[in-house]
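Fold and contact review
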Amino acid sequence: MERHSIIKLAHLKKVKTICIHQRKDLIYSLGEDKRISVTEIGSMDSNYLAHIKCSNFTPKTMVLHQDLNRLFVSMKERVLMVFDISEAIPIILQTMVLPNYFQRISIDTSINQL
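Residues numbered from 1 in each chain as written. Predicted model: local features only at pLDDT ≥ 70, side-chain atom pairs only at ≥ 80, totals over all residues. Heavy atoms only, no water.

Looking at the sheet that holds strand E8 (residues 91-97)
Within the open sheet, the four strands sit side by side as E5-E6-E7-E8. Their pairing is antiparallel. The two strands at the open ends of the sheet, each matched to only one other strand, are strand E5 (59-65) and E8. Sheet twist, expressed as the mean angle between neighbouring strand axes with direction ignored, is 20°. In this structure, strand E6 (residues 70-75) lies alongside strand E7 (residues 79-84), joined through five bridges in antiparallel fashion. (Pairing = 2+ DSSP bridges. Helix = DSSP H or I, 4+ residues; strand = E, 2+ residues; numbered from the N terminus. Axes fitted to C-alpha atoms, helices over the stretch in contact; angles between N-to-C directions.)

Here we look at the sheet that holds strand E3 (residues 35-40)
Read from one edge of the open sheet, four strands run E1-E2-E3-E4, paired in antiparallel fashion. One side of each edge strand has no neighbouring strand; the edge strands of this open sheet are strand E1 (15-21) and strand E4 (50-53). Taken pair by pair, the neighbouring strands of this sheet meet at an average axis angle of 15°, ignoring direction. Sheet topology places E1 next to strand E2 (residues 26-31); six bridges connect them, and they run antiparallel.

Some words on the pattern of salt bridges
Counting across every chain of the model gives two salt bridges. Between Asp84 and Arg70 there is a salt bridge; the shortest N-O distance is 3.3 Å. Here the residue Asp84 occupies a position in strand E7, and Arg70 occupies one in strand E6, the gap between them amounting to 14 residues. Grouping residues by exposure puts Asp84 and Arg70 together as buried. (Salt bridge = Lys/Arg side-chain N within 4 Å of Asp/Glu carboxyl O. Buried < 20%, exposed > 50% of the residue type's maximum accessible area, 1.4 Å probe, protein only.)

As structure tokens, then:
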């Protein structure tokens, strides 16, 4: 018997990364289906707050910074996207083209990156 969760229902393929915003009770998930999904913790229905489809990019990993309300998403195409997550629906603030893509992102909270 397979356990179903709201995160698995939000994606058509395998889930790669999950970030939890503890202050807002939101879950941000990134899947192999090139989607970023936003769901509420404890929600067991199929109503998602947001789906972001990355048609032209292949997301690799993401990390959430709760103090800055930012979501950093690394793409295979060497692009780093920075989302504002102060509202329920993430908004792209900035995109940066990098020499290489990140397989892992680690944020130093003692430094303000923006």
